[in-house]
Amino acid sequence: MSRSVRAENQDVQVIEITAKKYEYSISPVHVKAGTKVQLKITATDHDHGFKIGTVPDGALLKGAAGLIFTSEQDCWQLKKGETTTIDFLAQSPGTYTFKCCHTCGLGHKGMKGQIVVD
């Protein structure tokens, strides 16, 4: 059996989150290091965005990535009423702050959350 087939058979932790007026429904989100994670984010009131760094908060920006995304983007667009799926491997322990990257109103700058890799 090839390595890629085994990797696909690993358990995936699915986390469902809603994004609405200036908040994400779950934060912080805790996952174990080494876990494949699938975020399913649904914007319920209007369009929002999702942006997260690949290195833990406080780490050097050029350091080794702690979150390995299958399709890395600067800003995932979360369309109203649609579910956006974001897959990644939680490789290194740490706290990773995410935020809305689609201007959504007066409280936009406070729309944040965290993924904590234990």
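What counts, and at which threshold
Residues numbered from 1 in each chain as written. Predicted model: local features only at pLDDT ≥ 70, side-chain atom pairs only at ≥ 80, totals over all residues. Heavy atoms only, no water. Disulfide = S-S within 2.5 Å. Buried < 20%, exposed > 50% of the residue type's maximum accessible area, 1.4 Å probe, protein only. Helix = DSSP H or I, 4+ residues; strand = E, 2+ residues; numbered from the N terminus. Pairing = 2+ DSSP bridges.

*Asks:* I'm lost on the state of the cysteines in this one. Help?
*Replies:* Should the sulfur atoms of two cysteines be covalently bonded, the bond is a disulfide. Tallying each qualifying case throughout the model produces 1 disulfide. Between Cys100, a free cysteine, and Cys104, which holds the nearest cysteine sulfur, the sulfur-to-sulfur gap is 4.0 Å.

*Asks:* Whenever I open this one, the pairing of strand 4 (residues 35–43) confuses me. Can you help?
*Replies:* Within a regular beta strand, the side chains point alternately toward one face of the sheet and then the other, so they alternate between its two faces. Where burial is concerned, most of strand 4 is hidden: 7 out of the 9 residues are buried. Pairing between strand 1 (residues 12–20) and strand 4: 8 bridges, direction parallel. If you follow Glu16 over to strand 4, its bridge partner there is Lys40. Across 8 bridges, the pairing between strand 4 and strand 8 (residues 83–90) is antiparallel. In the sheet register, Ile41 faces strand 8, and the bridge partner there is Thr84.

*Asks:* I keep staring at the sheet that holds strand 6 (residues 67–69) and nothing clicks. Help me out?
*Replies:* Working definition: the strands of a sheet are paired by backbone hydrogen bonds and lie parallel or antiparallel to each other. One open sheet accounts for 5 strands, arranged 2-1-4-8-6; its pairing is mixed. At either end of the open sheet lies a strand with only one pairing partner, and these are strand 2 (23–24) and strand 6. The sheet contact formed by strand 6 and strand 8 spans 3 bridges and is antiparallel. Each residue of the ladder has a partner; that of Phe69, found in strand 8, is Phe88.

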